[in-house]
2 protein chains.
Amino acid sequence: MTAEIISVGSELLTGTVVNTNAAFLAEQCVTSGFDCFYQTVVGDDKKRLEETVKTAEKRSDIIFVSGGLGQAEDDITMQTIKDMYPDASVVELENHNGSANGCILENQKKTVILLPGSPKELEPMFKEQVSVYLQEKTDMVIRSRTIKICGLDEKTINDSIKDLFDYNENVVLATYAKCGEVHIRVTAKAATEKEALKLTKYVVKELKHRFNQSIYTTHEETSLEQSCVDLLLANDLRISTMESCTGGMLAARLINVPGVSEVFKAGYVTYSNKAKRKVLGVKQSTLKKYSAVSEEVAREMAQGISLLTKADVTVSVTGLAGPDGGTKEKPVGLVYIGCNVKGKTVVEEYHFSGDRTHVREEAVVAALALLRKCVLEYFSEVTFGKKG
Amino acid sequence: MTAEIISVGSELLTGTVVNTNAAFLAEQCVTSGFDCFYQTVVGDDKKRLEETVKTAEKRSDIIFVSGGLGQAEDDITMQTIKDMYPDASVVELENHNGSANGCILENQKKTVILLPGSPKELEPMFKEQVSVYLQEKTDMVIRSRTIKICGLDEKTINDSIKDLFDYNENVVLATYAKCGEVHIRVTAKAATEKEALKLTKYVVKELKHRFNQSIYTTHEETSLEQSCVDLLLANDLRISTMESCTGGMLAARLINVPGVSEVFKAGYVTYSNKAKRKVLGVKQSTLKKYSAVSEEVAREMAQGISLLTKADVTVSVTGLAGPDGGTKEKPVGLVYIGCNVKGKTVVEEYHFSGDRTHVREEAVVAALALLRKCVLEYFSEVTFGKKG
């Protein structure tokens, strides 16, 4: 079945708002097993909206229309489309996060689904009501799983799963590259739920085998920081952070997780050398000999914060985010991340590209990935030691 | 003149990538004085792309097409469109940030502008080459100015500029609501640069008069954190931060600014009560009597960090970001922000709505706005005192 997405709103046509609804609906089409060849944005204008819907009707089975459902004078979507399909059966879609309800219009072979323009209203309405409807509409059962990977780049991942893309025509693999992360969505369609699950299960098993500990979760809703906090909680560990170039972004990311107070001891932002010495006791001699962006300083930061806060796990970040300050030996993008788990310190060197913001965002993800790796390795060694 | 935006790429049709290019180009159309009624997304498919361009050609003078210019097998945009316009004159657009050049095709009355799909390549190519071309094409001169406001909500702002929307048919006002900020873009078109500047000047003067110190900049490229750092630098002040619910986001935002080490002393993230006591000496009795989310604790945090780091300016944030932990007296979204400027401490109470992330983001912007306000007030009082 083919689907098509129409977004209505002058705020999209002026660039005031980025069209995240289209991306959301497109992803849902993939997950639902629909082919989607077009997305259109049109203003709150009766004639232009009518033409756009007519064009879509000729080439697609399901048309999603979002925006312009409110009570304002220029909200003409609902009336315009209801007038176009006077004989359609109507299923009301309740809005639990706003005032404008949506609806599904069915007219012989075509289905038009009207949704509110605010993502905060559209997304839950889709997940709670539309996906159930679409599921019933199709004679196939669709099941999907998401595997989230950190610490590996998209190319490496794509190269090692090439064969799986063609594994079965009823299984679709899609990779979504986020900053420092890659998510793989596995979607299978089959006649029964059992068969669909069997198809996804095989691929997920293969992915787990290939990417192993680089997979931080197989749950759609779990973020990297959540998986780190879960790991710390599970092992009864407390964490402290010490950041230079990331300037609090790592702590902020961990504190995204509700209930983090159980594991988060304290965070320090020591951007200047003076602060590194004063707050933490990083040695003047170390700073002078190796410079602030060095393996040695990252190590002293991770160890110093461990002594200062008595945390079981500490993470330190020091790097050159740019745009200035780079040299041939220490270029912009060079970042050292230190991680101390119960006295054992590891420091890794990274080279990130892009602007200041991008370097810092990559560094935060790398720090979370290193934290996971170090905690997992510490405990695998402990277990191994016990066995031996 | 009318313009239309076509974005080419399967990554948009699957929702893997959000279409920020369309928003960027749409904003450029507004700034350039073009009317834009449609945006379309289509895959890397010759037939569908041809049809989409043909439809656009019927209704628009200028067609922007982005994506699919590379050397990969499925990059068919350039060839498809050049085949459609064999007699068009071609202006090459150099790509200084990637390998695929763009081009401008002119065919009698229609203009098709081909741009790369990566925003990092498209945006500079547009700003450096396309905007100059478009400027020459139009017989009007377009000039625009941006006014950035913090600490006031969008409705208040829109209500107080209603009259300006109709001030002159050659002046367009557009408001862009960001988290905790509102930007007003004033765009004027006129026969000469002098006239266009005169038109914007009048409106900008009015806006300055109406919003006064809530305007933190009139420069397009200046961020709120940049304006705060500039203010601190100009007054030779050093800052330290102490964050609970924002967990480092405030420090991270300040450290977005290159060269911030001149003004940033240290940042502390004390999410738990224990950390608030240990790191800072917030009194156990204060925490017990008023709870961590209180005016009193925000005050002790701001004052404590001032004593600890000897910074001229300190900002503290404590609040309930949710989703749990709210009570009737202290609901989720309640945030206290303290600001100490050379010994004078102000604490403000805020009530934010939305999810955990949104509450925290609003709190960071409010903290920056309060920082600006307190520093400005401190110096206006000092000046006033001198006068008296």
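What this report covers is the structure whose coordinates are included nearby.

The rules behind the values
- Residues numbered from 1 in each chain as written.
- Chains lettered and ligands numbered in written order.
- Predicted model: local features only at pLDDT ≥ 70, side-chain atom pairs only at ≥ 80, totals over all residues.
- Heavy atoms only, no water.
- Helix = DSSP H or I, 4+ residues; strand = E, 2+ residues; numbered from the N terminus.
- Buried < 20%, exposed > 50% of the residue type's maximum accessible area, 1.4 Å probe, protein only.
- Contact = heavy atoms within 4.5 Å.
- Areas by Shrake-Rupley, 256 points an atom, 1.4 Å probe, with all protein chains shown as cover.
- Lys, Arg positive; Asp, Glu negative; His and termini not counted.
- Charge placed at Lys NZ, Arg CZ, Asp CG, Glu CD.
- Least-squares fit on C-alpha atoms with pLDDT ≥ 70 in both.
- Pairing = 2+ DSSP bridges.
- Axes fitted to C-alpha atoms, helices over the stretch in contact; angles between N-to-C directions.
- Buried area = accessible area lost by both parts, 1.4 Å probe.
- Salt bridge = Lys/Arg side-chain N within 4 Å of Asp/Glu carboxyl O.
- Nonpolar A, V, L, I, M, F, W, Y, C, P; charged D, E, K, R; others polar.
- Phe/Tyr/Trp six-rings, centres within 6.5 Å; stacked < 30°, edge-to-face > 60°.
- Bend = angle between axes of the 7 residues up to and from the residue.
- Patch = residues over 30% accessible without salt bridge, like charges linked within 9 Å, V, L, I, M, F, W, Y side chains within 5 Å.

## As for the overall build of chain A
A count of helices and strands for chain A gives 13 helices and 15 strands. Expressed as lengths along the three principal axes of its C-alpha atoms, the size of chain A is roughly 80 × 50 × 40 Å. The buried share of chain A, reckoned over its 388 residues, is 53%. Taking the contacts inside chain A whose residues are at least 6 apart along the sequence as the reference set, 67% of them involve residues at least 24 apart. For chain A, the accessible surface area stands at approximately 17,400 Å², while carbon and sulfur atoms represent 49% of it. Measuring between centres, the 48 positive side-chain charges of chain A sit 9 Å from its 53 negative side-chain charges.

## Re the relation of the copies chain A and chain B
Once chain A has been moved 0.0 Å along the axis and rotated by 180°, it coincides with chain B to within an RMSD of 0.1 Å. Read as a symmetry element, the transformation amounts to a two-fold axis. Interface overlap between copies: 96% of the residues of chain A at the interface are likewise at the interface in chain B, consistent with a symmetric, same-surface contact.

## Concerning the sheet that holds strand β9 (residues 181-190) of chain B
Residues and elements named next belong to chain B. Reading across the sheet, the four strands line up as β8-β9-β7-β10 and stay open at both edges, with antiparallel pairing between neighbours. Only two strands of the sheet have a single neighbouring strand rather than two, namely β8 (171-178) and β10 (215-217). With strand direction ignored, the average angle separating the axes of adjacent strands in the sheet is 30°. Alignment of β8 against β9, held across eight bridges, turns out to be antiparallel. Pairing of Lys-178 across the sheet is with Glu-181, part of β9.

## A word on the sheet that holds strand β15 (residues 344-351) of chain B
Strand pairing in a sheet relies on backbone hydrogen bonds, with the paired strands running either antiparallel or parallel. Pairing in this open sheet of ten strands is mixed, and the strands run β15(A)-β14(A)-β13(A)-β11(A)-β12(A)-β12(B)-β11(B)-β13(B)-β14(B)-β15(B) from one edge to the other. Looking at the sheet topology across the chains shown, the edges are occupied by β15 (344-351) of chain A together with β15 of chain B. Shown here is a sheet whose adjacent strand axes are inclined to one another by a mean of 10°, direction ignored.

## Concerning the interface of chain A and chain B
In this assembly, 55 residues from chain A lie in contact with 54 residues from chain B. Surface buried jointly by chain A and chain B totals about 4,200 Å² across both partners, of which 58% is contributed by carbon and sulfur atoms. Here chain A is connected to chain B by zero salt bridges. Among the residues making up the side of chain A that touches chain B, the classes are represented as 29 nonpolar, 19 polar and seven charged.

## Observations concerning the packing of aromatic side chains
Residues and elements named next belong to chain A. This model, assessed by the stated rule, comprises eleven aromatic pairs over all chains. With a centroid separation of 5.7 Å and 90° between ring planes, the pair formed by Phe-24 and Phe-126 is classed as edge-to-face. You can see Phe-24 sitting in helix α2 (residues 20-32) and its partner Phe-126 sitting in helix α5 (residues 119-137), a full 102 residues away along the chain. This pair shows no difference in class: Phe-24 is buried, exactly as Phe-126 is. Taken together, the aromatic side chains of Phe-24, Phe-64 and Phe-126 make up a single cluster linked through ring pairs.

## Here we look at α5(A)
Residue and element names in this part refer to chain A. The principal kink in α5, of about 45°, is found at Phe-126. All of the buried residues in α5 are Glu-121, Leu-122, Pro-124, Met-125, Phe-126, Gln-129, Val-130, Tyr-133 and Leu-134. Against the buried residues of α5 lie α2, β3 (62-66), β4 (89-93), β5 (102-107) and β6 (110-115).

## Description of the environment of B:Glu329
Inspection of the secondary structure puts B:Glu329 in the loop between β13 (313-319) and β14 (334-341). Residues B:Glu329 and B:Glu94, 235 residues apart in the sequence, show an inter-C-alpha distance of 60 Å.

## A short note on the pairing of strand β6 (residues 110-115) of chain B
All names here are of chain B. Across the six residues that make up β6, a large majority, six, are buried. In β6, alternate side chains face the same way, and those of Lys-110, Val-112 and Leu-114 on one face and Thr-111, Ile-113 and Leu-115 on the other are all buried. Inspection of the sheet shows strand β5 (residues 102-107) paired to β6 by five bridges, in the antiparallel sense. Paired with Leu-105 across the strands is Val-112, a residue of β6.

## Here we look at a positive patch on the surface
A surface patch of like charges, here positive, comprises A:Lys274, A:Arg277, A:Lys278 and B:Lys310. Within the fold, A:Lys278 resides in helix α10 (residues 273-280).

## Some remarks on the pairing of strand β1 (residues 2-8) of chain B
Side-chain positions along a regular strand alternate between the two faces of the sheet. Residue and element names in this part refer to chain B. Of all the seven residues making up β1, seven are buried; the element is thus mostly covered by neighbouring parts of the structure. Covered by surrounding structure in β1 are Thr-2, Glu-4, Ile-6 and Val-8 together with Ala-3, Ile-5 and Ser-7, the residues of both alternating faces. By the bridge criterion, six bridges tie β1 to strand β2 (residues 35-42) in an arrangement that is parallel. Following the sheet pairing, Ile-5 is matched in β2 by Gln-39.

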